Amino acid sequence: MNYVLRPAPWTVSVCKRSQLSQVSTEVHNRFNREIHSFPGGLELKTYKELSNDKESLITPLPDKIILPLQQHIGSPSEAIVKKGDTVLKGQKIAQASGYISVPVHASTSGKIIDIGTCPAPQDQSIQTPCIIIEPDGEDAWFDIEPVEDYLSIEPEILQRLICEAGMVGMGGAGFPAHVKLNEGTATAVDTLIINGVECEPYISCDDRIIREKANYIVSGTRMLQHAIQAEHCVIAVEEDMPEAFAALNEFINDNDDIELVSVPARYPAGGEKQLIKVLTGKEVPAGGLPIHIGIVMHNVGTAAAAFRAVTRGEPLLSRYVTVSGNVENPRNLQVLLGTPVEHCLKQVGYQRHNNEAVIMGGPMMGKYVHDISMPVIKTTNSILVTSEFNRDREKPCIGCGDCVDVCPAKLLPQELFAYARAKDFDETRALHLFDCIECGCCAYVCPSNIPLVKYYRQAKNDITAYETKQAGYEHARHRFEARNERLERIENHNDDRFDKKKTLSPDQGTVADDKQAYIQAAVERIKQKRNKKKD
Amino acid sequence: MLGILIILLLALIGGFLVSISPATTAQQNKFEDILSALPQTQCGKCNYSGCRPYAEAIVHGEADINQCPPGGAETIKVLAKLSGRQIKPLNPENGLQKATQIALIDESLCIGCVKCINACPVDAILGTAKQMHSVLVKECTGCELCIAPCPMDCISMQAVTA
């Protein structure tokens, strides 16, 4: 089997602007929700049939579990165990270090053999601290406390339980789930959207979790709805996931106020902002969050995991991962967090060849894995093996404008590219670089093979680095000015004291007399007090 | 006659204000922007006594924009944009651009003379007379101003890790 990851151009119909109006507005289910369309996007061949029909496999224990302390967006967790400690499955080994942070738990029982660093799965150019566990093979559980009646407990307690379970968005970004829930309590939430729209080619882990754990997802949805007191609740899947739709439909009662919607399969319909547009017709403002327009979105995997975390007391320890592409037996795996990519690939009969690369994430948004000993983390939805590593050479931009047509964020990719390459930060910012969702549509259609997203990511990193530097300058300036002020004050202060001494010297009269009078008055007061006591 | 004179005078004052005030505020803004673009190390490698005098010199057209080694190429680019001049390479007479370094005091040699503490523009050295001194890693800007005053030559610059 030799699957090429990047489908040849003739297998793809690129949806041009003129065709956009044709995208369906048909009416779905009993809630009569109107389906809108988002600008740009692509219709891609999905290759999901490689892996979505096979039942998921529970991956056996690896030799080593590597748990990075940063598996989410926000501040990294802090280790609370030492080298040599023995831990049990589900035991907290690192605690949250702030509001936007979550704990990390041991995904199996064993001994902590090291607390060191490993390449960060999010950005392999940097090293990230991690805890390495040698499994003892027992897989013995830590004491867990299940909460049976999840609909009667306070939303705040639910949020705390979800936070303590280390829950993050499992769709790929890894934003701590409790933060979204908490913001949801603070403001009135109109709609909770549970996102099962898995739009990237090859990835079928959401499809598989829906088919296998539909009851968890539906119950988890009810629980999350309770946690944020959302008025409406929608579970969205793609039109090419009929089995998943049926599986969910089975568990949704008629008296539930959960809507089940299937949306047209179109990349990137599963992007947060795009799905909001499709389901509600609303747009998230530039630089804003969905909560600003009364919407909270969670991935189906998060709903299922949050439900398990509350009702069974199990923290987030494993996830569904699609292993597909150029491997012998592509399928979905249930993988313990921290399992090396290499171990997952072994389960599907991967043999290393020369001209191939391993990608973590989908073919559109994923990143190359340079070292396959890197672990699966909370946000790893897929591991793909490509047989086509060498892309065509990058050629100059011819200004065709295809990228503008497909950009779902309505940006100007070619202008962004020009300014990003010139490292003109002000201009790229003015062109809303930070609203780019890095979906890769522009790079996909580019006839000059320009890896546009690579430039945007680089520019984003550069801008962030520049801003950190600038903040450092500001800090240094503040300290310098504070020091100058202090030195000046000390000088003046000394002068003051000198002046005072002068004025207080006896031969200057008045001040000294005042002082004498003051002392006299105090002595009198004390005498009076004493007399009173005697009386 | 007097009325005409008064009106003329008012017109003159008005004209003067219109012509002068926006220019000075614009110049003030430009100065602030240029000052905040400079790395605030106060290292003096630009031949001025600190970042503020250098920024003033740029605004008044007395200094070139390529005299700041700690800021390097990035800062020159920003300065060029702010001052409307051409980008040019760093003047090697002022020094070379280096990766950010921080000072490290060899504590076994330090005699506690306080000379480096007095030299540090950002209060990044902790210590007192006859006590060991130590550099606050987070605050050090790598200006190297503490190296020359040290009588024991026990301060060295170290590359920043992570």
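Numbers given for residues are sequential positions, taken from 1 along each chain in its written order. By the order in which they are written, chains take letters starting at A while ligands take numbers starting at 1. Owing to the predicted nature of the model, reporting of local features is limited to residues with pLDDT of at least 70; listing and counting of side-chain atom pairs is limited to 80 or more, with chain, interface and lining totals taken over all residues.

**Q** Now, about the overall build of chain A: what can you tell me, with residues and values included?
**A** Across its full length, chain A holds 14 helices and 19 strands. All radius of gyration figures rest on C-alpha atoms, and the globule criterion is 2.2 Å times the number of residues raised to 0.38. The C-alpha radius of gyration computed for chain A amounts to 30 Å, which surpasses the reference 24 Å derived for 535 residues by more than 25%, pointing to a less compact arrangement than a globule. Considering only C-alpha atoms, chain A reaches an extent of 105 × 60 × 50 Å along its principal axes. The burial criterion counts other C-beta atoms lying within 10 Å of a residue's C-beta, which is placed from the backbone; the residue is buried at 20 or more, exposed at 12 or fewer, and partly exposed between these limits. Looking at chain A residue by residue over its 535 residues, the buried ones come to 45%. Long-range pairs, those at least 24 residues apart, make up 72% of the contacts in chain A between residues at least 6 apart in sequence. The way it works is that DSSP assigns letters per residue, a run of H or I at least four long becomes a helix, a run of E at least two long becomes a strand, and they are numbered from the N terminus. We call two residues in contact when the distance between their C-beta atoms, placed using the backbone, is within 7 Å.

**Q** Hey, could you go over the overall build of chain B for me, with residue numbers and the actual values?
**A** Counting its secondary structure elements, chain B contains four helices and four strands. Counting helices and strands in the order they occur from the N terminus, chain B gives α-α-α-β-α-β-β-β. For 162 residues, the compact-globule estimate of 2.2 N^0.38 gives 15 Å, and the C-alpha radius of gyration of chain B, at 23 Å, exceeds that figure by more than 25%. The C-alpha extent of chain B, read off along each of the three principal axes, is 85 × 35 × 25 Å. Looking at the 162 residues of chain B, the share that counts as buried comes to 25%. Taking all contacts inside chain B whose residues are at least 6 apart in sequence as the whole, residues at least 24 apart take part in 57%.

**Q** Tell me about the nonpolar core, residues and numbers included.
**A** Put simply, a nonpolar core is buried Ala, Val, Leu, Ile, Met, Phe, Trp, Tyr and Cys residues tied into one set by C-beta atoms within 7 Å. Ile162, Met167, Ile193, Ala236, Leu248, Ala306 and Leu452 of chain A are the most contacted members of the largest nonpolar core, which totals 133 residues. Per element, the largest residue contribution to this core is eleven residues, and it comes from helix H4 (residues 205–228) of chain A. Those domain boundaries reflect an automatic or database domain assignment. Taken domain by domain, this core gets at least three of its residues from each of domain 1 (26–62 + 145–321) and domain 2 (397–504) of chain A. Dropping the residues within four chain positions of it, Ala306 of chain A is found in contact with Ile162, Met167, Ala177, Gly220, Met223 and Leu224 of chain A. Counting residues in each nonpolar core, the second largest holds 15 residues, with Ala476 and Phe480 of chain A together with Val135 and Ile155 of chain B among its members.

**Q** Quick one: what's the story with helix H3 (residues 177–186) of chain A, residue by residue and with numbers?
**A** All names here are of chain A. In terms of burial, H3 is largely enclosed, as seven of its ten residues are buried. Along H3, the residues classified as buried are Ala177, His178, Val179, Lys180, Leu181, Asn182 and Gly184. Looking at the buried positions of H3, the neighbouring elements they touch are helix H2 (155–164), H4, strand S14 (295–299) and helix H7 (300–311).

**Q** Describe unusual backbone geometry, with residues and values.
**A** The omega angle of the peptide bond from Tyr267 of chain A to Pro268 of chain A is -5°, so this bond is cis rather than trans. For Pro268 of chain A, the position within the fold is in the loop between strand S13 (258–263) and helix H6 (272–280). Although it is not a glycine, Asp123 of chain B adopts a positive phi angle of roughly 55°. Here Asp123 of chain B is to be found in the loop between helix H4 (115–119) and strand S2 (125–126).

**Q** Which residues make up the packing of H2 of chain A against H7 of chain A, and what are the values?
**A** Residue and element names in this part refer to chain A. Following both chains from N to C, one finds H2 and H7 inclined at 105°, their axes separated by 9 Å at the closest point. As the angle between them shows, H2 and H7 are arranged roughly perpendicular. Residues Leu158, Leu161 and Ile162 of H2 form the contact with H7, whose participating residues are Ala306, Ala309 and Val310. The residue makeup of the contact of H2 with H7, split by class, is six nonpolar, no polar and no charged. The convention used is that axes are lines fitted to C-alpha atoms, helices contributing only their stretch in contact, and that angles between N-to-C directions extend from 0 to 180 degrees. An angle counts as roughly parallel when it lies under 35 degrees, as roughly antiparallel when it exceeds 145, as roughly perpendicular when it falls between 65 and 115, and as oblique in every other case. Gly is placed with the polar residues, together with every amino acid not listed as nonpolar (Ala, Val, Leu, Ile, Met, Phe, Trp, Tyr, Cys and Pro) or charged (Asp, Glu, Lys and Arg).

**Q** Any chance you could break down the sheet that holds strand S19 (residues 382–386) of chain A for me, citing the residues and the numbers?
**A** Residues and elements named next belong to chain A. Two strands are said to pair when DSSP picks up at least two bridges between them. The strand order across the open sheet built from six strands is S3-S16-S15-S19-S17-S18, with neighbouring strands paired in mixed fashion. Every other strand in the sheet has two partners, leaving strand S3 (57–58) and strand S18 (367–369) as the edge strands with one partner each. In the sheet, strand S17 (residues 357–360) pairs with S18 via three bridges, with the strands oriented antiparallel. Looking at S18, one finds that Ile359 is bridged to Tyr368. With respect to the sheet, H4 is in contact with strand S15 (318–325), strand S16 (331–336) and S19, its orientation differing from that of S15 by roughly 130°.

**Q** So, the domain arrangement of chain B: which residues are in play, and what are the values?
**A** Residues and elements named next belong to chain B. Domain boundaries in chain B define domain 1 (2–94) and domain 2 (99–162). Between the C-alpha centres of domain 1 and domain 2 there is a distance of 32 Å. Each side of the interface is counted separately: domain 1 has four residues, and domain 2 has six residues. Looking at the side of domain 1 that touches domain 2 residue by residue, the classes come out as one nonpolar, three polar and no charged.

**Q** Give a description of the sheet that holds S14 of chain A that names residues and reports values.
**A** Residue and element names in this part refer to chain A. As summarised here, the arrangement of the four strands in space is S13-S12-S11-S14, forming an open sheet in which the pairing is parallel. Two strands bound the open sheet, and with one partner strand each, they are S13 and S14. Each strand of the sheet is rotated relative to its neighbour by a mean of 25°, with strand direction disregarded. Inspection of the sheet shows strand S11 (residues 191–196) paired to S14 by five bridges, in the parallel sense. Within the sheet, the bridge partner assigned to Ile194 lies in S14 and is His298. Packing against the sheet, H7 makes contact with S11 and S14, and its axis sits at approximately 80° to S14.

**Q** So what about the pairing of S16 of chain A? Which residues, and what values?
**A** Every other side chain in a regular strand lies on the same face of the sheet, so the side chains alternate between the two faces. Residues and elements named next belong to chain A. Burial analysis of S16 places five of its six residues in the buried class, which makes it a mostly covered element. Where S3 and S16 come together, two bridges link them in parallel fashion. When the sheet's bridge partners are listed, Leu57 is paired in S16 with Leu333. Bridging between S15 and S16 involves six bridges; their strand directions are antiparallel.

**Q** Can you break down the packing of H4 of chain A against helix H5 (residues 242–251) of chain A residue by residue, with the values?
**A** All names here are of chain A. Two numbers describe how H4 lies on H5: the axes approach to 8 Å, and their chain directions differ by 10°. In terms of axis orientation, H4 runs roughly parallel to H5. For the pair formed by H4 and H5, the contact residues are Asp207, Ile210, Arg211, Ala214, Asn215, Ile217 and Val218 on the first element and Glu243, Ala244, Ala247, Leu248, Glu250 and Phe251 on the second. Here the contact of H4 with H5 is composed, by residue class, of eight nonpolar, one polar and four charged.

**Q** Describe the environment of Leu248 of chain A, and please don't skip the residues or the numbers.
**A** Residue and element names in this part refer to chain A. Mapping Leu248 onto the fold places it in helix H5. Judged by the 25 C-beta atoms lying within 10 Å of it, Leu248 is buried. Through-space distance from the C-alpha of Leu248 to that of Glu212 is 9.9 Å; in sequence the pair is 36 residues apart. When near neighbours in sequence (up to four residues on either side) are disregarded, Leu248 contacts Ile210, Ala214, Ile217, Val218, Ile235 and Leu260.

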